[in-house]
Amino acid sequence: MTAEEIRAVLLRALGRVAPEVDLTSLRGDLPLRTQVDIDSIDFLNFVIELHRELGVDVPEAEYAALATIDSAVTYLQGHASSKA
Amino acid sequence: MAEFRMPSLGADMDNGRVVEWRIKPGDIVHRGDIVVEVETDKGTFEVESPIDGAVSAIAVQQGTKVPVGTVLATLGEPTAAEPRASPAARQLAAQSNIALATVRGTGPGGVITIQDVQRAAAAATPTKIAVAAEPAELEAAVDARAAMRRAIAAAVTRSKREIPHYYLSTDVDLSRAAEWITSQNVRRPVTERLLPSALLIKAVASALTRYRDLNGFWVDGAFRPGIGIHVGMAISLRGGGLIAPAIHDADRLTVDQMMLALRDVVARARGGRLRGAEMTDATITVTSLGDQGVTTVIGVIYPPQVAIVGLGKISERAWAADGKVSARLTVTATLAADHRVTNGHYGGLFLAEVDRLLQSPETL
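What you see is a predicted model; the values in this text were computed from it and never measured.

**Side note on the overall build of chain A**
Looking only at helices and strands, one finds four helices and zero strands in chain A. Of the regular secondary structure in chain A, the N- to C-terminal order runs α-α-α-α. Computed over C-alpha atoms, the radius of gyration of chain A comes to 12 Å, within 12% of the 12 Å expected from 2.2 N^0.38 for 84 residues, which places it in the range of a compact globule. The buried share of chain A, taken over its 84 residues, is 31%. A separation of at least 24 residues holds for 66% of the contacts in chain A among residues at least 6 apart in sequence.

Here it is in structure tokens:
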């Protein structure tokens, strides 16, 4: 998958756990949690959505890689392609 | 014939709007089936049928706002066989949203006539509804956010006016609980992963089985114990809303079931898919602002409940034990409770029990 495709999947997953958020206003280089105000349960639901969409099971110890949209796309691209 | 009325989804609800019917005349419904979606100042909720029955008539059309207690639909005894009716009666029944199964036939051999249907239709016609008079344009302009704010304002004002709160706080060493969760999560797929909230809320629910006077309602000058321990989980909605849907029989859930329940209820609260019973059944509330970084949250009791437990941020703090100081993961747990029902001593024992339970996470 291309980075753009992964970004689209990621935003769709985010839209499902945080339907009130204007996804177009998000910046890729800033921390997601402060931009979207998601709590730990939302975040877990988000990681589960990513798993469902991309087949990537992000270990708890590597959650830091999902801190920003940009870092998450890089991480997910690396792991999604290695599985495919 | 039973009447299904606009339910009160919380002490602060006066009106509700029928958003969408999930039933039509003639349908057989069972207790607990979702029959209608209702919109209130706090959002849209799915409302269950309180009884078994066959839908005889829908009295309030979609889009109409009515006061709590208004008859929304009538339900009759479930009947299996399609009744005999004249073709004209059948046609009129279909046009008038009347179920033939609920019409008494007066024709030869009990056949339903057109007059029978007319009588049934007249009986099912809704009475004039005062609130429905608001013009649609004005209604649309009403800011949903402002409405939610008013609902919250009404509840907390009543709480602070009527409930003599007392407040307690204790710091709980969560290092064992956190280690146990980490050790579980490394070998679990993401779909089965645990969060500390699941342990904390389970500990609160389990402690309540021994401290039942914190679980229930103050009604008409007396405490009524809750039937079951249904923990309302306060959820902040983006845009300023606040909602506390109940996790039913929280004391009987395993930690894994609690985790699933938390994920489910949060996702549905965000998506506006909560059920009516979840809005009315909570016997106590837990508010958790730890993710926002606050150390301590002391809640405002949601009337007519008699207690609210507050959970702050889980963080490493200097902890003195056994003559030395070490860094431990801790959480500050608070209790705001109704002094008419319990005393501080009782509340203190309850918080100590929560602490004790969290020291053996594997047995929760």
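**A closer look at the overall build of chain B**
When helices and strands are counted, chain B shows nine helices and 20 strands. If you take every contact in chain B between residues at least 6 apart in sequence, the share linking residues at least 24 apart comes to 64%.

**Focus: the environment of alanine 13 of chain A**
Residues and elements named next belong to chain A. Turning to its location among the elements, alanine 13 is positioned in helix H1 (residues 3-17). Accessibility expressed as a C-beta count within 10 Å gives 21 for alanine 13, which makes it buried. The spacing of alanine 13 and leucine 50 is 37 residues in sequence and 6.4 Å in space, taken between C-alpha atoms. Those residues in contact with alanine 13 that sit more than four places away from it in its chain are Phe46, Glu49, Leu50 and Glu53.

**Details of the packing of helix H6 (residues 196-208) of chain B against helix H9 (residues 344-358) of chain B**
All names here are of chain B. Packing of H6 against H9 leaves a shortest axis separation of 9 Å and a crossing angle of 130 degrees. Regarding the angle of H6 to H9, the classification is oblique. Crossing angle aside, the handedness with which H6 passes H9 is right-handed. Packed against H6, whose contacting residues are Leu199, Ala203, Val204, Ser206 and Ala207, the element H9 presents Phe350, Glu353, Val354, Leu357 and Leu358 at the interface.

**Comments concerning the sheet that holds strand S5 (residues 43-48) of chain B**
Taken together, five strands build an open sheet; the order of strands is S7-S2-S4-S5-S16 (chain B) and the sheet is mixed. Edge positions in the sheet fall to strand S7 (65-67) and strand S16 (274-275) of chain B, since each of these pairs with one other strand and no more.

**Notes on the interface of chain B and chain A**
It is common to give the size of an interface as the accessible area that goes away when the parts come together. Every contact between the two is made by 16 residues of chain B and, on the other side, 18 residues of chain A. Counting residues per element, the side of chain B that touches chain A draws most heavily on helix H7 (residues 255-271) of chain B, at six residues.

**Observations concerning the packing of helix H3 (residues 40-54) of chain A against H7 of chain B**
Remark: H3 of chain A packs on H7 of chain B, axes separated minimally by 10 Å, with the N-to-C direction vectors making an angle of 95 degrees. As summarised for this structure, H3 of chain A and H7 of chain B are arranged roughly perpendicular, according to the angle between their axes. Side by side, H3 of chain A and H7 of chain B meet where Ile41, Asp42, Leu44 and Asn45 of chain A of the first sit next to Leu262, Arg263, Val266 and Ala267 of chain B of the second. Looking at side-chain class alone, the contact of H3 of chain A with H7 of chain B contains five nonpolar, one polar and two charged residues.

**A look at H9 of chain B**
Residue and element names in this part refer to chain B. When the terminal C-alpha atoms of H9 are compared, their 21 Å separation across 15 residues agrees well with the 21 Å that a helix rising 1.5 Å per residue should span. Gly347, Phe350, Leu351, Val354, Leu357 and Leu358 are the residues of H9 that are buried. Along the long axis of H9, the arc covered by the buried residues comes to 120 degrees, so they all point the same way. The elements touched by buried residues of H9 are strand S9 (165-173), helix H5 (175-185), H6 and strand S20 (324-338).

**Considerations on the nonpolar core**
Residue and element names in this part refer to chain B. Among the nonpolar cores identified, the biggest contains 119 residues, and Val204, Val231 and Ala307 are the most heavily contacted of them. It is H6 that provides the largest number of residues to this core, a total of nine residues. With residues near it in sequence (within four places) discarded, valine 231 still touches Ile201, Val204, Ala205, Ala246, Ile247, Ala250, Ala282, Ile284 and Val286.

**So, the sheet that holds strand S6 (residues 53-58) of chain B**
Here four strands make up an open sheet; going across it, the order is S1-S8-S6-S3 (chain B) and the pairing antiparallel. Two strands in the sheet have a free side with no partner beyond their single neighbour: strand S1 (2-5) and strand S3 (28-29) of chain B.

**A short note on the confidence of the model for chain B**
Scored by pLDDT, chain B has a mean of 88; 93% of the residues are at 70 or more. Predicted complex metrics record ipTM = 0.88 and pTM = 0.77.

**What about unusual backbone geometry?**
Residue and element names in this part refer to chain B. In this model, proline 303 is joined to proline 304 through a cis peptide bond whose omega is 5 degrees. Secondary-structure assignment places proline 304 in the loop between strand S17 (284-288) and strand S18 (307-311). Its identity is not glycine, yet aspartate 220 carries a phi of approximately 50 degrees, on the positive side. Within the secondary structure, aspartate 220 sits in the loop between strand S10 (216-219) and strand S11 (222-225). A count of 7 C-beta atoms within 10 Å places aspartate 220 in the exposed class.

Conventions used here
- Residues numbered from 1 in each chain as written.
- Chains lettered and ligands numbered in written order.
- Predicted model: local features only at pLDDT ≥ 70, side-chain atom pairs only at ≥ 80, totals over all residues.
- Helix = DSSP H or I, 4+ residues; strand = E, 2+ residues; numbered from the N terminus.
- Rg over C-alpha atoms; globule rule 2.2 N^0.38 Å.
- Buried ≥ 20, exposed ≤ 12 C-beta atoms within 10 Å, placed from the backbone.
- Contact = placed C-beta atoms within 7 Å.
- Axes fitted to C-alpha atoms, helices over the stretch in contact; angles between N-to-C directions.
- Parallel < 35°, antiparallel > 145°, perpendicular 65-115°, else oblique.
- Left-handed = near helix turned anticlockwise from the far one by under 90°.
- Pairing = 2+ DSSP bridges.
- Nonpolar A, V, L, I, M, F, W, Y, C, P; charged D, E, K, R; others polar.
- Expected span 1.5 Å × (residues − 1).
- Arc of directions from axis to C-beta.
- Core = buried A, V, L, I, M, F, W, Y, C linked by C-beta atoms within 7 Å.
- pLDDT = per-residue confidence, 0-100.

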